[in-house]
Amino acid sequence: MRFMFLIHSDSDGAPSPELMVAMHDLAQQEVAAGRMIADGGLFPPAMGAGLRVKSGKVVLIDGPYAETKEVIGGFAIFELPDMAAAQASARAFLDLHVLYLPGWEGLCEIRPIAGSQVESLRGATPG
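Residues numbered from 1 in each chain as written. Predicted model: local features only at pLDDT ≥ 70, side-chain atom pairs only at ≥ 80, totals over all residues. Heavy atoms only, no water.

What about the overall build of the protein?
Then comes step 1: When you go through the protein residue by residue, the secondary structure sums to three helices and six strands.
Then comes step 2: Each helix (α) and strand (β) of the protein, taken in turn from the N terminus, gives the series β-α-β-β-β-β-α-β-α.
Then comes step 3: Buried positions account for 24% of the 127 residues belonging to the protein.
Then comes step 4: Nonlocal contacts in the protein, meaning residues at least 24 apart in sequence, comprise 76% of its contacts between residues at least 6 apart.
Then comes step 5: For the protein, the exposed surface amounts to about 8900 Å²; the carbon and sulfur share of it is 59%. (Helix = DSSP H or I, 4+ residues; strand = E, 2+ residues; numbered from the N terminus. Buried < 20%, exposed > 50% of the residue type's maximum accessible area, 1.4 Å probe, protein only. Contact = heavy atoms within 4.5 Å. Areas by Shrake-Rupley, 256 points an atom, 1.4 Å probe, with all protein chains shown as cover.)

Overview of the nonpolar core
Then comes step 1: With 18 residues, the main nonpolar core has Phe 3, Phe 5, Phe 78, Leu 80, Ala 86, Leu 96 and Ile 110 as its most contacted residues.
Then comes step 2: Elements supplying a minimum of two residues to this core: β1 (2-9), α1 (17-32), β5 (71-79), α2 (83-100) and β6 (106-112).
Then comes step 3: Excluding anything up to four places from it in sequence, Phe 78 contacts Met 1, Arg 2, Phe 3, Phe 5, Glu 30, Arg 35, Met 36, Ile 37 and Ser 89. (Core = buried A, V, L, I, M, F, W, Y, C linked by side-chain atoms within 4.5 Å.)

What about the sheet that holds β6?
Then comes step 1: Overall, antiparallel pairing links the four strands, which are arranged β2-β5-β1-β6 in an open sheet. Each edge of the open sheet is held by one strand with a lone partner, namely β2 (36-41) and β6. Across this sheet, the average inter-strand angle for adjacent strands is 15 degrees, counted without regard to direction.
Then comes step 2: Taken together, the seven bridges between β1 and β6 define a ladder with antiparallel strand orientation. In the sheet register, Ser 9 faces β6, and the bridge partner there is Gly 106.
Then comes step 3: Along the sheet face, α2 touches β1, β5 and β6 and points at about 155 degrees away from the line of β6. (Pairing = 2+ DSSP bridges. Axes fitted to C-alpha atoms, helices over the stretch in contact; angles between N-to-C directions.)

Some remarks on the environment of Asp 82
Then comes step 1: Mapped onto the secondary structure, Asp 82 falls in the loop between β5 and α2.
Then comes step 2: The spacing of Asp 82 and Met 1 is 81 residues in sequence and 6.6 Å in space, taken between C-alpha atoms.
Then comes step 3: At 3.2 Å, the side chain of Asp 82 forms a polar contact with the backbone nitrogen of Ala 84.
Then comes step 4: Only 2.8 Å separates the side chain of Asp 82 from the backbone nitrogen of Ala 85, close enough to count as a polar contact. (Polar contact = N/O pair within 3.5 Å; in protein donor to acceptor, adjacent residues only side chain to side chain.)

Right, here's the structure in full:
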């Protein structure tokens, strides 16, 4: 089953160099084990844009977004057997933050990816 981890924080600071090394090492281990499919840190919202449907029209909204208190700072996609394994993986990642970035507060949101079993359904005929 595939899971997406979304890292939320109200911190606008960059990770410490020590945390970056530790996260890189953990990511390499997860990729080598076949569990991590993709990951990445995200630039600040001020460097992005959004498109919103409002009153039946699509409108462009440039960052920063005033109504946002927390931002998504990064993501990862994993192939794991179940939610318990996903929680254990997220805990290992957050433990690095506790160790290498004292005072940091945030959330690792774990979301199962809908349709992540599509590959196994290919070739099946609609019933």
